[in-house]
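One-letter residues, chain by chain:
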Amino acid sequence: MNMIRDESLAPEGLEKIRWVKEHMPVLKNLESTLGKSKPLRGINVAICLHLEAKTAYMALVLKEAGAGVVITGSNPLSTQDSIAAGLASRGVEVYARYNATAEEYKEYLYKTASSAPGLVIDDGGDLVSLLHKKFPEHLPNVIGAAEETTTGLIRARAMEKAGALAFPIMAVNDALCKYLFDNRYGTGQSVVDGIMRSTNLIIAGKIVVVIGYGWCGKGVAMRANGMGARVIVCEVEEIKALEAHMDGYEVMPLIDAAAEGDIFVTVTGCSKILTEAHFKAMKDQVILANAGHFDIEIDKEALAAITEGPRRVRKDVDAYIFPDGRRIYLLGEGRLVNLAAADGHPAEIMDMSFALQVMALKYLSDNAGDLENIVHPVPAELDKEVASLKLQGLGIKIDSLTEQQKTYLESWELD
Ligand code: ADE
């Protein structure tokens, strides 16, 4: 059972979980309602997510809803050992340690997949992919999975296209109450948080280069700008580049931005974004951070090949030194900076994302056997319910349409 670093850390972990719970009213509401009806009774839920406090609270809500829960981390640097211990002390099966080696990370993922899950929550697609590749005997048990990220959905849709999906997948990332808030405001704040915590340097007055202007990139650019940085955006898609321009940022090719930036943030989901040519063009003491799911966006091997290093100069900061003395600082080993060097998105944001995850699992379970083995959108009513519960939790009231207004909006013959 459990593979964790230190079970004596449980009280510290439970305290952190209690803190976030008090800032997650939607999830708290689900805990109370599903705790009574126990809709997931008897179902094993396997989770591969960043193992920090908000994730842990969701795991406990699923337990309260009747499920058995097995969990692993979705990145070796985002697991918090106290949280892993706290969850284990509450009856969740945990396979995760901070700074796990590549072999350990793989072993934990295998342990999680071999629990023969009925439902899955994935962040990045590793667990879904492993189940399909190595555990064909478990596939018939899986009612379905819910995916948290853009990256994971790209993989799920590739599997769907190849006719390889053995169970339905709910596209939680694509729900409005997910990407409008989590990808934009969550990533925006937590990435700046990770850069600030790891470096203790100022953002104001610096040139921040944001590479990729999807919802996450938009959030990073907005918050860096709000902290007083001059923001340059690099994009490959015409419409997004125009959006960045009209949002007030400079837009230019990455090779040009490379010579100007002080801080670079990759948010593309693609590999080999910052490469040798960019590193060679950079100024002394630039900071590189990645906010995409995998550590593939900054070519660490190419950086190591042309510099001396990495030399650890601060927690979560490695220096790479050129023969001419110029230094490049890489944060969090090029892994998600907001989770490797901070605590991930704020609790109020993950409240919505994780409420959607819980609702998506309930939806899969309620519709077991009736859904095609494809990627499904989260039903709009569930999205709306999360928004409504969130407004309620925030004490915000809104207007509703009058009957006359509804009639006007529904008719086409009226003058
Ligand atoms: N906390 C848990 N999962 C997270 C995610 N995918 N992004 C940011 N913070 C998180």
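First, a word on what this report is: a plain description of the structure on this page. (Residues numbered from 1 in each chain as written. Predicted model: local features only at pLDDT ≥ 70, side-chain atom pairs only at ≥ 80, totals over all residues. Heavy atoms only, no water.)

Counting its secondary structure elements, the protein contains 17 helices and 15 strands. Expected size for 415 residues packed as a compact globule is a radius of gyration near 22 Å; at 22 Å, the protein falls within 12% of this value. Principal axes of the C-alpha set define a box for the protein whose edges measure 70 × 65 × 45 Å. For the protein, with 415 residues in total, the buried portion stands at 55%. (Helix = DSSP H or I, 4+ residues; strand = E, 2+ residues; numbered from the N terminus. Rg over C-alpha atoms; globule rule 2.2 N^0.38 Å. Buried < 20%, exposed > 50% of the residue type's maximum accessible area, 1.4 Å probe, protein only.)

In any sheet, the strands associate via hydrogen bonds between backbone groups, in a parallel or an antiparallel arrangement. Strand order in this open sheet of seven strands is S3-S2-S1-S4-S5-S6-S15, and the pairing throughout is parallel. At either end of the open sheet lies a strand with only one pairing partner, and these are strand S3 (93-95) and strand S15 (375-377). Mean inter-strand twist for the sheet, computed between neighbouring axes without regard to direction, equals 20°. In the sheet, strand S2 (residues 68-73) pairs with S3 via three bridges, with the strands oriented parallel. Across the sheet, residue Val70 finds its bridge partner in S3, namely Glu93. Strands in contact with helix H7 (residues 150-161) are strand S5 (144-147), strand S6 (169-171) and S15; relative to S15, the strand with the most contacts, it is inclined by about 125°. (Pairing = 2+ DSSP bridges. Axes fitted to C-alpha atoms, helices over the stretch in contact; angles between N-to-C directions. Contact = heavy atoms within 4.5 Å.)

What follows concerns the pairing of S2. Burial within S2 is extensive, with five of its six residues counted as buried. By the bridge criterion, six bridges tie strand S1 (residues 44-49) to S2 in an arrangement that is parallel. Along S2, the bridge assignment pairs Cys48 with Thr72. The parallel pair S2 and S3 is bridged by helix H4 (residues 81-89), and the resulting crossover is right-handed. (Right-handed = clockwise from strand over helix to strand, strands pointing away.)

It is worth spelling out the packing of aromatic side chains at this point. Under the definition given, this model contains four aromatic pairs. With centroids separated by 6.1 Å and ring planes inclined at 75°, the aromatic side chains of Tyr213 and Tyr249 adopt a geometry described as edge-to-face. Placement of the pair is Tyr213 in the loop between strand S7 (207-211) and helix H9 (215-226) and Tyr249 in the loop between helix H10 (238-246) and strand S9 (250-251), with a sequence separation of 36 residues. Summarising the burial analysis for this pair, Tyr213 and Tyr249 share the class buried. Taking NZ or CZ as reference, Arg326 lies 4.1 Å from the ring centre of Phe322, over its face. (Phe/Tyr/Trp six-rings, centres within 6.5 Å; stacked < 30°, edge-to-face > 60°. Lys NZ or Arg CZ within 6 Å of the ring centre and 35° of its normal.)

This part is about the pattern of salt bridges. Tallying each qualifying case throughout the model produces 29 salt bridges. Note that Glu308 and Arg311 form a salt bridge whose closest N and O atoms lie 2.4 Å from each other. By relative accessible area, Glu308 is classed as partly exposed at 47%. Asp366 serves as the salt-bridge partner of Lys362, at 2.8 Å between the closest nitrogen and oxygen. Taken together, the residues Lys362 and Asp366, both in helix H15 (residues 347-366) and four residues apart, mark about one turn of the helix. Owing to a relative accessible area of 28%, Lys362 belongs among the partly exposed residues under this scheme. One salt-bridge network, in which partners are shared between bridges, spans Asp193, Arg197 and Asp343. (Salt bridge = Lys/Arg side-chain N within 4 Å of Asp/Glu carboxyl O.)

This next bit is on the side chain of His278. Mapped onto the elements of the fold, His278 is located in helix H12 (residues 276-281). The class for His278 is buried, based on a relative accessible area of 10%. Other than its neighbours up to four places away in sequence, His278 contacts Leu254, Ile255, Ala258 and Ile273.

Now for the nonpolar core. Leu27, Ile47, Leu62, Leu87 and Val94 are the most contacted members of the largest nonpolar core, which totals 59 residues. For this core, the leading source of residues is H15, giving eleven residues. Beyond its immediate stretch of four places on either side in the chain, Leu87 contacts Leu51, Ala56, Ala59, Leu60, Ile71, Val92 and Val94. Among the nonpolar cores identified, the runner-up in size contains 28 residues, and Ile195, Val220, Val231 and Val267 belong to it. (Core = buried A, V, L, I, M, F, W, Y, C linked by side-chain atoms within 4.5 Å.)

With that out of the way, let us pick up the site of the ligand. Neighbouring the ligand are the residues His50, Glu52, Thr55, Asp123, Leu339, Gly344, His345, Met350 and Phe354. A distance of 2.4 Å is found between a nitrogen atom of the ligand and a side-chain nitrogen or oxygen belonging to Glu52. Residue Asp123 places a side-chain N or O atom 2.9 Å away from a nitrogen atom belonging to the ligand. Expressed as a share of its isolated accessible area of 260 Å², the protein-covered part of the ligand is 94%. The residue makeup of the shell around the ligand, split by class, is three nonpolar, four polar and two charged. (Near = heavy atom within 4 Å. Polar contact = N/O pair within 3.5 Å; in protein donor to acceptor, adjacent residues only side chain to side chain. Areas by Shrake-Rupley, 256 points an atom, 1.4 Å probe, with all protein chains shown as cover. Nonpolar A, V, L, I, M, F, W, Y, C, P; charged D, E, K, R; others polar.)

The phi torsion of most residues other than glycine is negative, and most of the peptide bonds are trans. The omega torsion across Gly309 and Pro310 is 5°, close enough to zero to call that bond cis. Among the secondary structure elements, Pro310 is positioned in strand S12 (residues 308-314). Of note, Asn200 is a non-glycine position whose phi angle comes to about 55°, a positive value. Assignment of secondary structure puts Asn200 in the loop between helix H8 (176-199) and S7. With phi around 50°, Lys272 is a residue other than glycine that occupies positive phi space. Looking at the element boundaries, Lys272 is found in the loop between strand S10 (263-266) and H12. The class of Lys272 is exposed, set by a relative accessible area of 54%.

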